[in-house]
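Descriptive structure summary
As a plain string of letters, each chain reads:
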Amino acid sequence: MPRPAFRFAPSPNGLLHLGHARSVLLNEALARECGGRLLLRIEDIDRERCRPEFEAALVEDLAWLGLDWERPVRRQSEHFADYESALARLDALGLVYPSFESRGDIRRAVAARPGWPSDPDGAPQFPFPREAMSEDARARRVAAGEPYALRLDMSQAVALTGPLGWQEVEAAGGTAHHIAAEPLAWGDVILARKGVPTAYHLAVVVDDALQGISHVVRGADLKAATSVHRVLQALLGLPAPRYTHHSLLLDGEGRKLSKSIGSQSLAALRAQGVTPDEVRRRALEGLR
Ligand code: GLU
């Protein structure tokens, strides 16, 4: 049996906050419990928002917390060829198509259809059926240089995979229980865009497999995405890790901590003289 492997997979698009500390510390604790490995993966496919200085800052934060991880660190921007070949396999199954509708087009289409379903992240499901445009017309628009997003034909994908699920292990430990995947709730998710050979769902699945990750430990905000990840794993013939989706830390107003609302960073806490032990305590307090 290979050693269990865990990973922390931050995006370097801002400074780490206590919520990230919760994730990485839980990964560390669970890895330690079973003699597992701890890996770091830099999820920097979004070249506009990710910056080397944020990567340097997060490495500094993790070291300050007293964490250690295996080298080399996997940086997604250096592995686009891996995502391209996964995408080519999905394409060979006839499951990928280019779409040309802008966010505005989607908004308008959905506004005209009250009750149109949203995906688990709250965005409208893609409202334009694949059959509405011929393959030829799509190919012509790609060849003409139009911007596009490559989407997964989810209903065809699910018809191929059949029902799926995963083993969910509670953050506090205990036995795993089975969760049924509900990928149709996502509709035709984006797998890649013109000029960028992968989006989050595809990269995360390819990398978890390539890095031999046996246990994915991450925030509950990504639990619903696991349904998409299971579909991609099944289509690509990749093993399914076990999953733990831990409770999120909330701010004083009950919102989840996030870079975008300017939640206090670990660097700011450090500058205020908060010790690594205190950060560990605060990050893990009330964990479920
Ligand atoms: N890169 C993602 C984030 O920072 C985490 C991905 C994952 O753990 O699967 O939210």
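Residues numbered from 1 in each chain as written. Predicted model: local features only at pLDDT ≥ 70, side-chain atom pairs only at ≥ 80, totals over all residues. Heavy atoms only, no water.

1. Considerations on the nonpolar core
Core analysis: the biggest nonpolar cluster contains 36 residues, and Leu 90, Leu 152, Met 154 and Leu 191 have the highest contact counts within it. Counting only elements with at least two residues in this core, the list comes to α3 (80–92), β5 (149–152), α6 (154–161), β8 (190–193), α7 (200–210) and α8 (225–236). Per-element tally for this core: the top contributor is α8, with six residues. When neighbours within four sequence positions are excluded, Leu 152 is seen to be in contact with Leu 95, Tyr 97, Ala 157, Asp 188, Val 189, Leu 191, Val 231, Leu 232 and Leu 235. Core analysis: the second largest hydrophobic core is formed by 27 residues, Phe 8, Leu 25, Ile 42 and Leu 269 among them. (Core = buried A, V, L, I, M, F, W, Y, C linked by side-chain atoms within 4.5 Å. Buried < 20%, exposed > 50% of the residue type's maximum accessible area, 1.4 Å probe, protein only. Helix = DSSP H or I, 4+ residues; strand = E, 2+ residues; numbered from the N terminus. Contact = heavy atoms within 4.5 Å.)

2. Notes on the packing of aromatic side chains
Within a pair of aromatic rings, the relevant descriptors are the distance that separates the centres and the angle that separates the planes. This structure, assessed with the given rule, holds four aromatic pairs. Relative to Tyr 148, the ring of Phe 100 lies with its centre 6.5 Å away and its plane at 65°, an arrangement referred to as edge-to-face. Pair noted here: Phe 100 is in the loop between β4 (96–99) and α4 (103–111) and Tyr 148 is in the loop between α5 (135–143) and β5, with a separation of 48 residues, a long-range link. Between the aromatic rings of Trp 166 and Tyr 243, the centroid separation amounts to 6.3 Å while the plane-to-plane angle is 70°, which identifies the pairing as edge-to-face. Residue Trp 166 is located in strand β6 (residues 165–169), and its partner Tyr 243 is located in strand β10 (residues 242–246); the two are separated by 77 residues in the primary sequence. Like Tyr 243, Trp 166 is buried. Taking NZ or CZ as reference, Arg 151 lies 3.6 Å from the ring centre of Phe 126, over its face. (Phe/Tyr/Trp six-rings, centres within 6.5 Å; stacked < 30°, edge-to-face > 60°. Lys NZ or Arg CZ within 6 Å of the ring centre and 35° of its normal.)

3. What about the pairing of strand β2 (residues 37–42)?
Judged by how many residues are buried, β2 sits mostly within the fold: five of six residues are covered. Of the pairings in the sheet, the one linking strand β1 (residues 5–8) to β2 comprises four bridges and is parallel in character. Paired with Arg 7 across the bridge in β2 is Leu 39. For the handedness criterion, the β-α-β arrangement of β1, helix α1 (residues 18–33) and β2 is classed as right-handed. In the sheet, β2 pairs with strand β3 (residues 74–75) via two bridges, with the strands oriented parallel. Directly across from Ile 42, in β3, lies its bridge partner Arg 75. Each parallel crossover has a hand, and the one from β2 via helix α2 (residues 52–64) to β3 is right-handed. (Pairing = 2+ DSSP bridges. Right-handed = clockwise from strand over helix to strand, strands pointing away.)

4. Side note on the sheet that holds β8
Spatially, the three strands line up as an open sheet ordered β4-β5-β8, and their pairing is antiparallel. The two strands at the open ends of the sheet, each matched to only one other strand, are β4 and β8. Strand-to-strand twist across the sheet, computed as the mean angle between neighbouring axes with direction ignored, equals 30°. Pairing between β4 and β5: four bridges, direction antiparallel. Note on β5: the bridge partner recorded for Ser 99 is Ala 149. (Axes fitted to C-alpha atoms, helices over the stretch in contact; angles between N-to-C directions.)

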